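Close look at the chain arrangement
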Amino acid sequence: MSELKRTCLYQTHLDAGATMVDFGGWDMPVQYPSGIVSEHLYTRHNCSLFDVSHMGRLIVEGPERVKFLQHVLTSNVMALKLNQAQYCIIPNENGGAIDDAYLYLFEEDNFFLVVNAANTDKDLAYLQEKIKSFNCTIRNVSDEWASIAVQGPKSKEMLTTLAGGVQVTEPMRNALNSIKLEGHFARIAKTGYTGEPLGYEVFIHTEDAKWLWNRLIELGAKPAGLGARDTLRLEAGLPLYGHEFGVDASGKEIPIFAVPVGKVAVSFTPQKGDYIGRAALEKQSAALKRIREEDFSDLTDLPRRLVPIALKDRGVMRAGMPIYKGDKHIGWLTSGTMVPYYLCEGQGITSRYSDETAKRAIGLAYVDSDIKTDDIVEVDIRGKRLHAVIVKEHMRVDSPPFARPIIYKLEEDEVANIDNNRKKMALDLIKLAQENHQWRQKKCINLIPSENTASKAVQLLCSSDPSFRYAEHKKSLSFNNEDIFYYQGTKFIDQVEQMLVEQMRQYLGCTEVETRVISGQMANTAVFSALMDWKNRYNRRVDAQRLGYIMHNHILKGGHLSAQPMGALHDYAAIDPVTEKRAVVAFPVCVDNPYKIDVEETKKLIDEYKPEFIIFGKSMVLHKEPVAAIRKFVDEQKLQTTIMYDMAHVLGLVGDYFQKPFAEGADIVTGSTHKTFFGPQRGVIGVNYKKDELKYGLWETIERRAFPGSVSNHHLGTQLGMLMAAYEMNTFKDAYQKAVIENAKYFAKCLKEAGLDVAGDPAISYTETHQVIVHVGYAQGPEVAERLEANNIIVNYQATPEEEGFTASGALRMGVSEMTRFGFGKDAFAKLAGLIADCVLNNRKVADEVEKLRSQYTEMQYCFSDAEMKEALDGFAKVIGL
Amino acid sequence: MNYPNELKYTKSHEWIKEENGIAIVGISDYAQDALGDVVFVNLPAVDDEVTAGQAFGDVESVKAVSDLISPVSGVVSEINEELLDAPEKLNKDPYGAWIIKVKDVSGKEELLDAAAYKEFCAQEAK
């Protein structure tokens, strides 16, 4: 045997008592004294270190590096932006894998490619041959860098400590960064091979590797060997070259599309030209599509596929074992073993790993393509046929900070045991609704920023007759462009709508208002649909082009679902043909304040993308949006960009104390009427186009996309209530808006003084809106919000801009508008801040004190409440029988 | 590594203790250490015949499966059912966690005493 290669951490592994094995010509630790099971579990609940320095690190540079990589890899290299990585495959002409790899763009002028250790020489020789026809070079820099995978829920905290508090990478998977760790230069990738939602791979100069390893051990990480790396990746369903890629047990090559993550790594963009393997991969892709449509008539191009498999009987499945369905041999295990997992306690988002563990025999199977999820098969385990089931997945990795094992269970028939005593159910419903009403209205302090309580007048109007009526109307040119109503009995509601439009025009300071949309989200989809229709108005005989580029607030930076491709933009945002991603670009945020848009960086992006549509507004909002500055820049650049401000959260703050969107240059404002505004739950759209402008046509399109595009009947009861809310707002807005902003700033100050970690800029008293954000510890948000609810304080748990998503929420989002309306001033908010701090920091029970505080503030403010109004409302209530 | 003197050992790393005509069989400390985390044990059934030098079951660690070789020929009189749910007992207490008991013992493998077995393991580890 030739001399085994050693990584720069070889001695460190020996010192730690590792058992070493030959792995692809490298002398590597397979496990440490604690053993594979313990290393696996430690990764899942804490953090493990893996020496992956044996992997091949290559640099591709030179003018034709993109062209070269587009030719020899399956992925779309153009989709990579600076500080992003992508999974890719080095394909052969048959559509099989020479290797699977990861491509990193740490620097604009070169690509960093990491390949499997055992394949490095083979890959490099192959790529060096192929690169001859391109004006670029590839070189092996494996010796200059060490790689340490830092994987597990605590990994982020540990690396952040070494980074001195600097953000390690953006929270998204595949994000990259180059930073110093206690003075040592490191390239960090938010990637990994364990399935951990939180995991990093750190590239560090060889001479610093030992330092980093030991520092992370000091911080509580433990070393893990190749054994645990294999069980972890198996549980995550990730392929291993030589098992799931390469050749199968019969010696036949495994097609790339047979591997679930394989297809994700393949692009067919025209940008890639006729790259190696393309023709074969296109056939595989077509075959996969047929298979997924359950058409198994022609499996030539994809006879078998890799699927997760779980053993039902007692035993352990191993790579190479044959699998049968009945008498038919349908494939083989490609990987298999027994893996440990934590049992969970609790339910839903606050459920956590318990201390209890169990084990399960799982694997990956390469089986006939007509085998489906939930099929029961038999695995030949050394002559014994044991039952196994094809499962969808072994683990979910989308709820950071913890991976969630998915354990196969037979679905049991639900026993039909429905109590059909509907009279009793009806009475129970009344009782429960009454209790809920009393609790929310009398005992709770509600700090959800997207909620408010409407005045008695608004509530009564919403409950009166129009809530059972129908109206539809549309302007008709045949009748002098007057609204034509399609239902009788609607003269009153017609007047109401005209008065509401007039009140909202005055409030927003614009020329036209649409009030028929029944939610803020619908307001947005009506506008998006109208913009798309307007864009395509000259040719409706072809498929309409979608919108792009669109600039918006990213959901992780506080953007709302109503302006995300996964939300309301879903059907309207185009795909960029170059990157094959959504033609959506997010506002960059300030380095020192992720809650605030960075105007100068935004201008650079506007210059680069020339967005046709900019959407301001978000749901986690502490700052004014820079509408005026961006309007000015867009005009200077002579761009035809439409600027919309989605004021869902801040609609009730339009004015001198916050922002005047149209005066600042917005074309369109949308909003929901029940957050800071006083209304029932509806939406509104305003525009500032005048009748003689070309873009008035866009306004008319918006009207058509509201009706008949979005609603037929537009919920007349709440429209009636909304008119009263608009009267109230236009009358009381000065006092109300001033109080809301002052209360929010004061509340933030009190929370800070009470010892809580308040987000935002202290120089502006943390907030310019009704919202206050408080950090309560990474991923602690759901539990703390639940605790506050048990103490009669209702808040949202919230992911901050540094966090991965709602399951990792480390903050609370609170709004002061509803309590301000109930008369809360500085004294009340100071008391409330103290109670919240006591509950959050000291876990003290404060429910009774909260109820007592709430009971002193039950009279609605900022509405008509003199004797005359009271008398009118009493009379109205009597007439409508409420 | 522990090699209790009262036991005899095989070169395939099982231990054996004979009491009143019954042979009690397990795996040695050296064996469990080499296997790593034991995650599953395949046991024979009571009344199965076992043959000296041949496999009577297997023991699976995370990484691999190893046959259990019977040191004696005879009939299985008892199996340690505890190991089905808690195979890790073989790691934690290899000499307490017996695997099978054999009656009607008729033939035997070559057995080593503790000192010889220790020497054998030392050679194998090299």
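Keep in mind the model is a prediction, meaning the values are calculated, not measured. (Residues numbered from 1 in each chain as written. Chains lettered and ligands numbered in written order. Predicted model: local features only at pLDDT ≥ 70, side-chain atom pairs only at ≥ 80, totals over all residues. Heavy atoms only, no water.)

**As for the overall build of chain A**
- Helix and strand counts for chain A stand at 23 helices and 40 strands.
- Taken against the 2.2 N^0.38 rule, which gives 29 Å for 882 residues, the C-alpha radius of gyration of chain A at 31 Å falls within 12% of a compact globule.
- By its C-alpha atoms, chain A is 100 × 65 × 60 Å across when sized along the principal axes.
- Buried positions account for 57% of the 882 residues belonging to chain A.
- In chain A, of all internal contacts separated by at least 6 residues, the share reaching a separation of at least 24 is 69%.
- Within the structure as shown, chain A displays about 37,900 Å² of accessible surface, and the carbon and sulfur contribution to it stands at 50%.
- In chain A, which carries 103 positive and 116 negative side-chain charges, the distance between the mean positions of the two groups comes to 2 Å. (Helix = DSSP H or I, 4+ residues; strand = E, 2+ residues; numbered from the N terminus. Rg over C-alpha atoms; globule rule 2.2 N^0.38 Å. Buried < 20%, exposed > 50% of the residue type's maximum accessible area, 1.4 Å probe, protein only. Contact = heavy atoms within 4.5 Å. Areas by Shrake-Rupley, 256 points an atom, 1.4 Å probe, with all protein chains shown as cover. Lys, Arg positive; Asp, Glu negative; His and termini not counted. Charge placed at Lys NZ, Arg CZ, Asp CG, Glu CD.)

**A short note on the sheet that holds strand β5 (residues 49-50) of chain B**
All names here are of chain B.
- Spatially, six strands are ordered β1-β2-β3-β9-β8-β5 in an open sheet, and the strand pairing comes out antiparallel. Edge positions in the open sheet fall to β1 (8-9) and β5, since each of these has one partner strand only.
- Looking at chain direction, β5 and strand β8 (residues 74-79) are connected through two bridges and run antiparallel. Considered in β8, the bridge of Glu49 is made with Val75. (Pairing = 2+ DSSP bridges.)

**Quick notes on helix α23 (residues 867-879) of chain A**
Residues and elements named next belong to chain A.
- Taking 1.5 Å of rise per residue, 13 residues should cover 18 Å, and α23 covers 18 Å from first to last C-alpha, within 8% of that figure.
- Those residues of α23 lying buried are Met869, Leu873 and Ala877. The buried residues of α23 occupy an angular sector of 70° when projected down its axis, which confines them to one face. In α23, the exposed positions angled more than 90 degrees off the buried face are occupied by Ala867, Glu868, Glu871, Lys878 and Val879.
- Contacts made by the buried residues of α23 are with α11 (456-463) and α18 (716-753).
- Gly881 sits one or two residues past α23 and shows a positive phi near 75°. (Expected span 1.5 Å × (residues − 1). Arc of directions from axis to C-beta.)

**Considerations on the interface of chain B and chain A**
- Between chain B and chain A, the residue contacts involve 16 residues of the former and 18 residues of the latter.
- Together chain B and chain A conceal approximately 1,300 Å² of surface at their shared face, both sides included; 50% is due to carbon and sulfur atoms.
- Taking the shortest distance from any N to any O, the salt bridge between A:Arg382 and B:Glu60 comes out at 2.9 Å.
- Where chain B packs against chain A, one counts 12 residue pairs in polar contact (both at pLDDT 80 or more).
- Looking at the side of chain B that touches chain A, the elements with two or more residues in it are β4 (38-42), β6 (55-61) and α2 (82-85) of chain B. (Buried area = accessible area lost by both parts, 1.4 Å probe. Salt bridge = Lys/Arg side-chain N within 4 Å of Asp/Glu carboxyl O. Polar contact = N/O pair within 3.5 Å; in protein donor to acceptor, adjacent residues only side chain to side chain.)

**Notes on the nonpolar core**
Residue and element names in this part refer to chain A.
- With 103 residues, the main nonpolar core has Leu447, Phe747, Leu751, Leu832 and Ile836 as its most contacted residues.
- At 17 residues, the largest contribution of residues to this core is made by α18.
- Summarising the domain contributions, this core has at least three residues from each of domain 3 (520-711) and domain 4 (732-855).
- The next biggest cluster of nonpolar side chains, apart from the first, holds 50 residues, and it includes Val114, Val367, Val377 and Ile390. (Core = buried A, V, L, I, M, F, W, Y, C linked by side-chain atoms within 4.5 Å. Domains from an automatic or database assignment.)

**Points about the state of the cysteines**
Residues and elements named next belong to chain A.
- All told, the structure shown has zero disulfides over all chains when counted by the stated rule.
- Cys47 forms no disulfide, and the closest cysteine sulfur to it belongs to Cys8, at a distance of 18 Å.
- Classification of Cys47 by relative accessible area gives buried; the value is 0%.
- Left without a disulfide partner, Cys462 is nearest to the cysteine sulfur of Cys863, which lies 14 Å away. (Disulfide = S-S within 2.5 Å.)

**Observations concerning the sheet that holds strand β37 (residues 771-775) of chain A**
Residue and element names in this part refer to chain A.
- Strand order in this open sheet of four strands is β36-β37-β40-β39, and the pairing throughout is antiparallel. Each edge of the sheet is formed by a strand with only one pairing partner; in this case those strands are β36 (757-758) and β39 (796-798).
- Of the pairings in the sheet, the one linking β37 to strand β40 (residues 811-815) comprises five bridges and is antiparallel in character. Residue pairing in the sheet places Val772 in a bridge with Met814 of β40.
- Lying on the sheet, α18 is in contact with β36, β37 and β40; it crosses β37 at an angle near 15°. (Axes fitted to C-alpha atoms, helices over the stretch in contact; angles between N-to-C directions.)

**A look at the pairing of strand β4 (residues 56-61) of chain A**
All names here are of chain A.
- Counting buried positions along β4 gives five out of six residues, so the element sits mostly inside the fold.
- Across six bridges, β4 lies against strand β7 (residues 110-115) in antiparallel orientation. Bridged to Gly56 within β7 is Val115.
- Across four bridges, β4 lies against strand β8 (residues 137-140) in antiparallel orientation. Paired with Ile59 across the strands is Arg139, a residue of β8.

**A look at the packing of helix α5 (residues 155-162) of chain A against helix α6 (residues 209-218) of chain A**
All names here are of chain A.
- Between α5 and α6, whose axes approach to 10 Å, the crossing angle comes to 120°. Viewed along their axes, α5 and α6 adopt a mutual orientation that is oblique. Between α5 and α6 lies a crossing whose hand is right-handed. When α5 is examined against α6, the residues Met158, Leu159 and Leu162 are found in contact with a partner set consisting of Leu212, Arg215 and Leu216.
- A breakdown of the residues in the contact of α5 with α6 according to their chemical character gives five nonpolar, no polar and one charged. (Parallel < 35°, antiparallel > 145°, perpendicular 65-115°, else oblique. Left-handed = near helix turned anticlockwise from the far one by under 90°. Nonpolar A, V, L, I, M, F, W, Y, C, P; charged D, E, K, R; others polar.)

**Remarks on the side chain of A:Arg516**
Residue and element names in this part refer to chain A.
- Turning to its location among the elements, Arg516 is positioned in the loop between β25 (512-514) and α13 (520-535).
- A polar atom in the side chain of Arg516 sits 2.9 Å from the side chain of Glu514.
- Ignoring sequence-local partners within four residues, the contact set of Arg516 consists of His473, Glu497, Arg682, Glu703, Phe707, Val711, His714 and Gln719.

**Here we look at the domain arrangement of chain A**
Residues and elements named next belong to chain A.
- What the domain assignment reports for chain A is domain 1 (10-53 + 142-235), domain 2 (304-398), domain 3 (520-711) and domain 4 (732-855).
- Taking only C-alpha atoms, the centre of domain 3 and the centre of domain 4 are 29 Å apart.
- The partner domain 4 presents 31 residues to the 22 residues of domain 3 that form the contact.
- The largest contributions to the domain 3 side of the interface with domain 4 come from Leu622, Tyr657 and Phe678, which together make up 32% of the buried area.
- There are zero salt bridges connecting domain 3 and domain 4.
- Counting the contacts that link domain 3 with domain 4 gives 13 residue pairs in polar contact (both at pLDDT 80 or more).

**Topic: the packing of α11(A) against α23(A)**
All names here are of chain A.
- Viewed as axis vectors pointing N to C, α11 and α23 meet at an angle of 25°, and their least axial separation amounts to 11 Å. Between α11 and α23, the angle falls in the class roughly parallel. Judged by the sense of rotation from one axis to the other, the crossing of α11 with α23 is left-handed. Side by side, α11 and α23 meet where Lys456, Ala457, Leu460 and Leu461 of the first sit next to Met869, Leu873, Asp874, Phe876 and Ala877 of the second.
- Taken together, the residues that form the contact of α11 with α23 break down as seven nonpolar, no polar and two charged.

**Considerations on a nonpolar patch on the surface**
- Side chains of A:Tyr470, A:Tyr486 and A:Tyr487 sit close together on the surface and give an oily, nonpolar patch of about 310 Å² of accessible area.
- Relative to the helices and strands, A:Tyr470 is located in the loop between α11 and β23 (473-476). (Patch = residues over 30% accessible without salt bridge, like charges linked within 9 Å, V, L, I, M, F, W, Y side chains within 5 Å.)

**Notes on the pattern of salt bridges**
Residues and elements named next belong to chain A.
- The tally for this structure, following the rule as stated, stands at 58 salt bridges over all chains.
- Note that Arg505 and Glu502 form a salt bridge whose closest N and O atoms lie 3.1 Å from each other. Of the two residues, Arg505 and Glu502 are both situated in helix α12 (residues 491-508); the distance of three residues between them amounts to about one turn of the helix.
- Classification of Glu502 as partly exposed rests on a relative accessible area of 33%.

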